[in-house]
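Next come the chains, spelled out residue by residue.
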Amino acid sequence: MNNPMSKKPIEIIAWSCGGERADDAALNTWQVLRPDGLLPFTGESKFYKARIRSTGAGALVLHLESPRPIRVRAAGERVLDEPLAWRSFQRKVVAALVLPVEAGTPELLIEVGARPCHPSKIDDHCPSRRREAVMRELAAILPDVLRLEGHIHEAVAVHPTALRFLPGQFVKEGWIWQEILIRPVPGSEQSPGTAIRSVAELPPVFITVSGPVVPDRVHDGTTDEERRAGLRHLYIPVASSDPATPVVRKPGPEARPEPRQEVVAQVALRVECPQAVELTMPVFESLGRKAPQREYRALVWPDWETVRANLPEPVLPPDLIHFKALYEEAWQMLLRLVRTPRPESGLPNSYIGTGTNFPHCQFVWDTSFTAMAAAYGWRAIPAQASLDLLYSRQFDGGYLHREHDVRDGTPLLYEPDFSPNPPIMAIAEWKLACLTGDRSRLMKVYPALTELFEWLEANRQLPDGTFWTTGLANGLDNSPSLGDGYPDLTAQMAHHAEMMALMADTLGRPEEAAEWRAKHARIGAALNARLWSESMTFYSTSLPGGGHNPNKVVTGFWPLWAGVVPPERVEPLAVHLKDPASFWRHHPVPSLAADSPHFKPLGQYWLGSTWAPTNYATIKGFQRAGRQALALETTLRHLQCLHDVYKTTGSLWENYCSEASTPGNWSAADYCWTALGPIALLFEVIIGLEPDALNRRLVWTPPMGMNVGAKRYPLGRATVDLQVTHEGSKQVFCIKSDCPFTLEVRRDGECKTVACAVGTTWASFNSADSK
């Protein structure tokens, strides 16, 4: 950018710190600057002063970075006022000031708040094996100092203006656009006078900003609320998306405690307010480089009646017909949770939101589990949309933070070991592929899922081959599961590897598939060697000094779903599940066994509430281990409790009380993942269908004695109506389809293959039939 203006660097000649008052005498005791020019904060002081040497009148441009919320006054005017929430992922204010200045030694009065940090209750409820060490590392990376530097444009007249640089970005027309918040400083235009009746008659201050690329193009994303607050929310094109902003990390061990959005470049901005000055804008690293969708697109979400006509319809016996109301409510809830973000948010499209209690937060495992239910409506709704949101938030190198603010797409809660969430996106993608038969989707997501696994493998694996996590990272918040290796993340990593092997096979990559299967086996072996407690006959977190955490947590069942539990250990796990003093409560399966001293009968989140996702993982695990009857019994009991609560409240809830048919005492209505039971478990366990559209195949394990089926079942290109009826020990199948496929009927370890042609196919199965 050409800049004909005279520009001289400023010199900060002194620095002082006081106490809790702006008129503290200590503020007039000046100190010599540190050699590095940084201005240190002290824990006790709230107010500071900086004295600057100005050799001539003009426009002062100050760049500052503060790890604390900050307010700055110049000549008595408040010229900067920037909060810094404790949930902010950026963890520091990065801003610039443009101020008129005279020759001499102007002073800035600086007021700061407490340095943001997570509340102590998080340490109490969600402890970590390495929290203290990680916080020390974080303090070293983000020292408690103010960085202040700048220059003066001589003989330039400006209106006082504050600019805050934020890491939010979005992709549009092949360019990466980054956000700036601009606030003209009020009350500085002129001295009080007699020419106007009200300040509302003052002429508006026009500020023009132009960046270094695509000259003279700035996107104005200011909302009505921001305008009323005197803000302008602009987006500056900082780079083309190909080549994109610089890559600052690759898969492998992190040199820092955990990724945060780094500044990868600096670009020059020209700001006219009204005369022009030049300042520097930091460019933050881009997210979602491997996402299947980055640029915003408008998606169509039909109304309920349109969706209903295109959904599969469960066929149930009379004693279970009431579950249809639960099924329809689950779909209507998902539609009520559809959210459409601002195109400037960086999110690629609308999506199914988390729940009524999290209007601005989207979590990885909540979203992934919800996609496993929404996949059944892939013909009626954009079932992949919420997963696309997650990929768009992935860092280079594979890291994916647990939680994002959907207003600007930025991660939330930067304390390094609070993340990542369970890596179950690969399971959701495989479920979607098995219903749609879409190989091209797998090709798009395979690289991102590979890097996610690699990041966790490099940064969460212990020397013994198991994986560590924490209460917030694994989503179990206040669960008393502290230790070293965790059975949930270890099993999830094994399961992820297995799903990747299936994808690699489908994509014609046999060597990679073999490597993934080796990882699955290796992780499973470590889990069984380190995380199985012989005394408890249960999977539990390992302890640093040996032994295992004595609390039985519901995630001890998770290895079943990953397919890594030896046959001889399935029965002990089933005994725990059916134990009324442990997990077989009124509403199974509580997040914490009732015989734990930490168990809370009303729930208190993960201290005893029953949750849809962990119930799904447990039920699918026993189903996979061949315990179909137990999986069915647990599903029926789970859905009945959901239905009882639905009848009395009209809602599906975030979690449930395990001791009665009521919501958990820390719970919210309309929560996305609770659709798992009424949709996915209904088709997969009660009706017993396992789709494989990639191979034009459907596996059916219908429960004995139940006349069940489905209409409009979406198996790839085929739309299937199927039903089983019973004649004594004989099962009779009627299958209608508009495309040929293979049906595999399984019963008591036997399998009968039926070639289903276009039209109607009849088949029967009795104990003498086998193949």
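Residues numbered from 1 in each chain as written. Predicted model: local features only at pLDDT ≥ 70, side-chain atom pairs only at ≥ 80, totals over all residues. Heavy atoms only, no water.

Colleague: Before we go on, may I ask you to explain the nonpolar core in this structure?
Modeller: Soluble globular proteins tend to bury their nonpolar side chains together. Ranked by size, the top nonpolar core spans 162 residues in total, and within it Phe369, Phe557 and Tyr713 carry the most contacts. Looking at which element gives the most residues to this core, the answer is helix α10 (residues 487-506), with ten residues. Each residue touching Tyr713, except ones within four places of it in the same chain, is listed here: Pro312, Tyr376, Leu435, Phe683, Leu689, Pro691, Leu698, Ala718, Thr719, Val720 and Leu722. Listed in part, the 31 residues of the second largest apolar core include Ile52, Leu84, Leu97 and Leu146. (Core = buried A, V, L, I, M, F, W, Y, C linked by side-chain atoms within 4.5 Å. Buried < 20%, exposed > 50% of the residue type's maximum accessible area, 1.4 Å probe, protein only. Helix = DSSP H or I, 4+ residues; strand = E, 2+ residues; numbered from the N terminus. Contact = heavy atoms within 4.5 Å.)

Colleague: Can you walk me through helix α6 (residues 364-374) in this structure?
Modeller: Residues three or four positions apart in an α-helix share a direction because the helix packs 3.6 residues into each turn. Of all eleven residues that make up α6, eleven are buried, and the element is covered over most of its length. Those residues of α6 that sit buried are Val364, Trp365, Asp366, Thr367, Ser368, Phe369, Thr370, Ala371, Met372, Ala373 and Ala374.

Colleague: Explain the sheet that holds strand β30 (residues 718-727) here, please?
Modeller: Pairing between sheet strands relies on hydrogen bonds along the backbone, with the strands arranged either parallel or antiparallel. In spatial order, the strands read β18-β29-β30-β31-β34; together these five strands make up an open sheet with antiparallel pairing. In this open sheet, the two edge strands, each paired with only one partner strand, are β18 (313-315) and β34 (759-765). Across this sheet, the average inter-strand angle for adjacent strands is 25°, counted without regard to direction. Strand direction decides the pairing type here: β30 and strand β31 (residues 730-737), joined by eight bridges, are antiparallel. Bridged to Val720 within β31 is Ser737. (Pairing = 2+ DSSP bridges. Axes fitted to C-alpha atoms, helices over the stretch in contact; angles between N-to-C directions.)

Colleague: Where do I start with the sheet that holds strand β7 (residues 77-82) in this structure?
Modeller: Across the sheet, which stays open at both edges, the five strands sit in the order β2-β4-β9-β6-β7 with antiparallel pairing between neighbours. Both outer strands of the open sheet, β2 (11-17) and β7, are each paired with one neighbouring strand and no more. On average, each strand axis in the sheet is inclined to that of its neighbour by 20°, with strand direction left out of account. Taken together, the six bridges between β2 and strand β4 (residues 47-53) define a ladder with antiparallel strand orientation.

Colleague: What am I meant to see in helix α2 (residues 131-141) here?
Modeller: Of the positions making up α2, those classed as buried are Arg131, Val134 and Leu138. All buried residues of α2 lie within an arc of 65° about the axis, which places them on one face of the element. Exposed and facing more than 90 degrees away from the buried side of α2 are Glu132, Arg136 and Ala140. Against the buried residues of α2 lie α1 (120-125). (Arc of directions from axis to C-beta.)

Colleague: How should the packing of helix α5 (residues 323-336) against helix α15 (residues 628-649) be read in this particular structure?
Modeller: Think of two packed helices as two axes; the pair is described by the angle between the axes and how far apart they sit. Contact geometry of α5 with α15 gives a least axis separation of 10 Å together with a crossing angle of 75°. Judged by the angle between their axes, α5 and α15 are roughly perpendicular. Along the contact surface, α5 presents Phe323, Ala325, Leu326 and Glu329, while α15 presents Leu636, Leu639, Gln640, Leu642, His643 and Tyr646. (Parallel < 35°, antiparallel > 145°, perpendicular 65-115°, else oblique.)

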